[in-house]
Amino acid sequence: MEDHPTQNVNETKVEMELEKEAETEQEAVQKADTDSSAEEHSKETIIDIPCNSNSQSSSYDTDCSTASSTCCTRQGEHIYMQRDPVPDTHHLPEAEDLGLLKYEHRKHWPWFILVISIIEIAIFAYDRYTMPAQNFGLPVPIPSDSVLVYRPDRRLQVWRFFSYMFLHANWFHLGFNIVIQLFFGIPLEVMHGTARIGIIYMAGVFAGSLGTSVVDSEVFLVGASGGVYALLAAHLANITLNYAHMKSASTQLGSVVIFVSCDLGYALYTQYFDGGAFVKGPQVSYIAHLTGALAGLTIGFLVLKNFGHREYEQLIWWLALGVYCAFTVFAIVFNLINTVTAQLMEEQGEVITQHLLHDLGVS
């Protein structure tokens, strides 16, 4: 009779342990359901990790051997605690790259072309107003002692290699240059910026006077045609670099070819077939046009934006740099040697003249 209470107590303990195990299993099932619903929302993949079915452990064993999930097992039951997957950002553009892309494709106000055109018109109008009255189409008598005109006998006054662009022979000369540089220069400056177009324009002006000083060493030079042709040639460089990224590349190329063809035809006509109709007009320095275009093409390859970055374009860049540097260095050295030689000959000529006058007895 005394064994009954002990038996009842043991049965009660067994029942309590069974209830605890049941509650634990129920919590595990609820947790697994919760994980399943979370996985459906996040669309993650569960990796089934095999567990030892012979495990008799009454506690949960944790296996952290995988990077994607952690598995807890109890007597063959699988319970997964899913980790958040690491997003793949390898193919996503970074914020800095997007900012740089927007910066490269931004539009610019064409300040340089507008300002340089206004200055050229203002200087020509001032010269026209201060000179004696003439017919509209006749050339303006620009004084040879002007501080702006390029003179081969004053090569050491370096600013003349640039300042001649502000002077023009007549209204047709001025209007022609202004219209062309506005028509071809504004689209380039809107795309590539003021600094780049300013460099190309000034390089063309400088190359025009340098080329003239080498080939036509006795010619006085006025006009901005060197800079204008530099802009035309820069369009060819821009089309070469960014043809695939331009909407109207063929149209721009065609307009440049048509203009250059018309200008060349006009030059041949006035040179060989005109019969003297333009004798009173100023002679056109096509050497300045040609060398200005060469500078615009080479400098265009060097400074214009390149949105494609193809492999062979690096070779073009170095080739353009070499051509421009070779031409510029040769022209500068030629001018220095020619200037020094002329000065020495002038000094020696004065000495020889004085000796002759002394020998003749003329004081």
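Here's a quick rundown of the structure. What you see is a predicted model, and the numbers here were worked out from it, not measured in a lab.

1. Observations regarding the nonpolar core
Then step 1. Ile116, Met165, Ile197, Ile200, Tyr201, Ile299 and Leu304 are the most contacted members of the largest nonpolar core, which totals 32 residues.
Then step 2. Secondary-structure elements contributing two or more residues to this core are α3 (111-130), α6 (194-215), α7 (225-242), α9 (286-303) and α10 (312-359).
Then step 3. Sorting elements by how many residues they give to this core places α6 first, with 8 residues.
Then step 4. With sequence-adjacent residues up to four places away left out, Met165 is seen in contact with Ile116, Glu120, Tyr201, Met202, Val205, Gly223 and Ala224.
Then step 5. Formed by 7 residues, the second largest nonpolar core is a distinct cluster that contains Ile180, Phe184, Val228 and Val256.

2. Examining empty space enclosed by the protein
Then step 1. This model, assessed by the stated rule, comprises 1 cavity of 30 Å³ or more.
Then step 2. Estimated volume of the largest cavity: approximately 30 Å³.
Then step 3. When contributions to the lining of the largest cavity are tallied by element, the ones reaching two or more residues are α9 and α10.
Then step 4. Sort the elements by how many residues they give to the lining of the largest cavity and α9 lands first, with 4 residues.

3. Looking at the environment of Trp109
Then step 1. Structurally, Trp109 can be placed in the loop between α2 (95-104) and α3.
Then step 2. Note on Trp109: relative accessible area 63%, which makes it exposed.
Then step 3. A C-alpha to C-alpha distance of 7.6 Å links Trp109 and Thr194, two positions 85 residues apart in sequence.
Then step 4. Ignoring anything within four residues of it in the chain, the contact list for Trp109 reads Glu189 and Thr194.

4. Focus on a nonpolar patch on the surface
Then step 1. Together, Trp109, Trp111, Val115 and Ile119 make up a nonpolar patch on the protein surface, roughly 470 Å² of accessible area in all.
Then step 2. Within the secondary structure, Ile119 sits in helix α3.
Then step 3. A relative accessible area of 34% means that Ile119 is categorised as partly exposed.

5. Some points on the packing of helix α5 (residues 171-192) against α7
Then step 1. Following both chains from N to C, one finds α5 and α7 inclined at 30 degrees, their axes separated by 9 Å at the closest point. Judged on the interaxial angle alone, α7 and α5 are roughly parallel. For the pair α5 and α7, the crossing hand works out as left-handed. Residues His173, Asn177, Ile180, Gln181, Phe184, Gly185, Leu188, Met191 and His192 of α5 lie in contact with α7, whose contacting residues are Ser225, Val228, Leu231, Leu232, Ala234, His235, Asn238 and Asn242.
Then step 2. Its residues assigned to classes, the contact of α5 with α7 shows 8 nonpolar, 9 polar and no charged.

Definitions and cut-offs
As a convention, each chain's residues are numbered from 1 in the sequence order in which they are written. Selection of residues for local features in this predicted model requires a pLDDT of at least 70, selection of side-chain atom pairs for listing and counting requires 80 or more, and totals for whole chains, interfaces and linings are taken over all residues. Side-chain measures here rest on the full set of heavy atoms in the structure, leaving out hydrogens and waters. What is meant by a nonpolar core is a set of buried Ala, Val, Leu, Ile, Met, Phe, Trp, Tyr and Cys residues, joined one to another through side-chain atoms within 4.5 Å. The rule is simple: take the accessible area with a 1.4 Å probe, protein chains only, and divide by the maximum for that residue type; under 20% is buried, over 50% is exposed, in between is partly exposed. In this text, helices come from DSSP runs of H or I with a minimum length of four residues, and strands from runs of E with a minimum of two, each type numbered from the N-terminal end. A contact between two residues is defined here by any heavy atoms of the two lying within 4.5 Å. Residues are called lining when one of their atoms sits within 4 Å of a cavity or pocket point, these points coming from a 1 Å grid over the protein atoms alone, where a cavity is a set in which a 1.4 Å probe fits but cannot get out and a pocket is an open set with protein on both sides within 12 Å along at least five of seven lines. Grid points are joined across faces, edges and corners, and a volume is the space filled by probe spheres set on the points. Candidates for patches are residues over 30% relative accessible area with no salt bridge; among them, like charges are joined within 9 Å and nonpolar side chains (Val, Leu, Ile, Met, Phe, Trp, Tyr) within 5 Å. With residues, only the protein chains shown are counted as cover, and all accessible areas are computed by Shrake-Rupley using a 1.4 Å probe. The rule for a salt bridge is simple: a side-chain nitrogen of Lys or Arg has to be within 4 Å of a carboxyl oxygen of Asp or Glu. Lines are fitted to the C-alpha atoms to define the axes, a helix being fitted only along its stretch in contact, and any angle between axes, read from their N-to-C directions, falls within 0 to 180 degrees. In what follows, roughly perpendicular refers to angles from 65 to 115 degrees, roughly parallel to angles under 35, roughly antiparallel to angles over 145, and oblique to any angle outside these ranges. Handedness of each helix crossing follows the sense of rotation of the near helix against the far helix: counterclockwise by less than a right angle gives left-handed, clockwise gives right-handed. Residues are grouped as follows: Ala, Val, Leu, Ile, Met, Phe, Trp, Tyr, Cys and Pro are nonpolar; Asp, Glu, Lys and Arg are charged; all remaining types, including Gly, are polar.

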